[in-house]
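Residue-level structure breakdown
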Amino acid sequence: MRKLPEFPPPHAPLEAIDLPWTRSARVQLYLKREDLSHPFIAGNKWRKLKYHLHSAAELNCDSIITFGGAYSNHLLATAAAGAKHGFKTLGMVRGEVVENQVLRFAKLFGMQLRFLSRELYRDKEALYHSLQKEFPDAYLIPEGGSGPEGERGVAELVQELPMEVNHVICSVGTGSTMRGLLKGREDFQRNFSVQGIVVLKGAEEMQSQFTEFSSESYSLHHEFHFGGYAKTTPELWEFIGSFAASTGILLDQVYEGKMLFGLKSMVEAGRFEAGETIVALHNGGLVGMLS
Ligand SMILES: *Cc1c(COP(=O)(O)O)cnc(C)c1O
């Protein structure tokens, strides 16, 4: 068997955020700086890749195939993690051939890219089947690093949260980070609630992914997608700018800008009680801002 790739606990400190809106609601907000764990294998992608790479090593696979859109933080993270831990990587990219900074970096880390029409990309079963045939020794990681391996890695992060936390808030794309948090909450017997800000439009059916968890343990919020995935408005950019200018912390516009905008709106609407402690996950995603 290959040696298991090492993923020591990342540098992802809690940073207290003290702003007029947290002060007037008398809530204590911490940003968990998962974005600081690595410049490219950042945030939840680091957490989610850990056990996928362990499985790949256990199965003696020397290459990894994964999937994502043209701006996928997961493709880039997999490229960098593959390079670091000695796996060849192939990225299947949804849609027509394009160039951007995310894919450029992925290629620099040695990832080969293949572009796939949306139709072929959508039919995952057929796609997995044909890739497995073409690359019998490759390990396939689902889009976004999801699945039980990904969730297990995210669940571990719960051990790094302070005992007094009442709510943990995260952005929701595929939902696997939120599932991992809810698993971790059970595994480590904690009783915070998990608040998910959904960044996709019309994703109400997402609820079905969470039915195994008690309905008191989480809420999904669908009112902060700003028109849909990767869509922005001047109001969102203004919020990102004022947050950056008053904290020194940059939020990406696809996920964490929307998540913190949603949190601020909920805090201002009195959805949290005075004295409560909230931890918000910052999962990085900043390379996509440069494209
Ligand atoms: C991938 C990603 C997410 C979404 O995580 P899911 O587990 O797919 O819900 C959120 N934030 C950032 C910065 C990401 O890169």
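Throughout, a residue's number is its position along its own chain's written sequence, starting from 1. Residues qualify for local features only when their pLDDT is at least 70, as the model is predicted, and side-chain atom pairs are given and counted only at 80 or more; totals for whole chains, interfaces and linings, by contrast, use all residues. As a rule here, side-chain values cover all heavy atoms of the structure and leave hydrogens and water aside.

This part is about the overall build of the chain. A run of H or I in DSSP becomes a helix once it reaches four residues, and a run of E becomes a strand once it reaches two; helices and strands are each numbered from the N terminus. Check the secondary structure of the chain and you find 10 helices and 10 strands. The dimensions of the chain, computed from C-alpha atoms along their principal axes, are 60 × 40 × 35 Å. Exposure classes here rest on a 1.4 Å probe applied to the protein chains alone. A residue is buried below 20% of its type maximum, exposed above 50%, and partly exposed in between. Taking all 291 residues of the chain together, the buried fraction comes to 56%. By the convention used here, residues are in contact when the closest approach between their heavy atoms is within 4.5 Å. For the chain, restricting intrachain contacts to residue pairs at least 6 apart in sequence, the fraction spanning at least 24 positions comes to 74%. Each accessible area is a Shrake-Rupley result for a 1.4 Å probe, and residues are judged covered by the shown protein chains and nothing else. Here the chain has roughly 13,200 Å² of accessible surface; of this, 51% comes from carbon and sulfur atoms. Think of it this way: Lys and Arg go in the positive column, Asp and Glu in the negative one, and His and the chain ends go nowhere. Here the site of a charge means atom NZ of a Lys, CZ of an Arg, CG of an Asp or CD of a Glu. Averaged over its 30 positive side-chain charges, the chain has a centre that lies 4 Å from the centre of its 34 negative ones.

Moving on: helix H8 (residues 176–187). Compared with an ideal rise of 1.5 Å per residue, which puts 12 residues at 16 Å, H8 spans 16 Å between its outermost C-alpha atoms and is within 8% of the ideal. Counting buried positions over the 12 residues of H8 gives 9, a clear majority of the element. Among the residues making up H8, those that are buried are Ser-176, Thr-177, Met-178, Arg-179, Gly-180, Leu-181, Leu-182, Gly-184 and Arg-185. At the exit of H8 stands Gln-189, carrying a positive phi of roughly 45°. Take the number of residues in a helix, subtract one, and multiply by 1.5 Å to get its expected span.

We define proximity as follows: a residue is near a molecule or strand when any one of its heavy atoms falls within 4 Å of that partner. In the vicinity of the ligand lie 16 residues, with Lys-45, Asn-73, Gly-173, Thr-174 and Thr-177 positioned nearest. Here Thr-174 contributes a side-chain N or O atom positioned 2.6 Å from an oxygen atom of the ligand. Polar contacts, as counted here, are pairs of nitrogen or oxygen atoms within 3.5 Å of one another; within protein the pair requires one atom able to donate a hydrogen and one able to accept it, and residues that are adjacent in sequence qualify only if both atoms are side-chain atoms. Gly-175 places a main-chain nitrogen or oxygen 3.0 Å from an oxygen atom of the ligand. Contact with the protein chains hides 97% of the accessible area of the ligand, taken as 390 Å² for the molecule alone.

Another aspect to go through is the nonpolar core. Within the largest apolar cluster, 26 residues are counted, with the highest numbers of intra-cluster contacts made by Leu-29, Ile-169, Phe-243, Leu-260, Leu-263, Val-267 and Ile-278. When residues of this core are traced back to their parent elements, those giving at least two are helix H1 (20–25), strand S2 (28–32), helix H9 (234–247), helix H10 (256–268) and strand S10 (277–281). Of the residues forming this core, the biggest block, 6 residues, is contributed by H10. Discounting chain neighbours no more than four positions away, the residues touching Ile-278 are Val-27, Gln-28, Leu-29, Tyr-30, Val-165, His-167, Ile-169, Leu-263, Val-267 and Phe-272. Definition of nonpolar core: a set of buried residues of the types Ala, Val, Leu, Ile, Met, Phe, Trp, Tyr and Cys, connected through side-chain atoms within 4.5 Å. Of all hydrophobic cores here, the second largest spans 22 residues; its members include Val-154, Val-158, Leu-181 and Leu-281.

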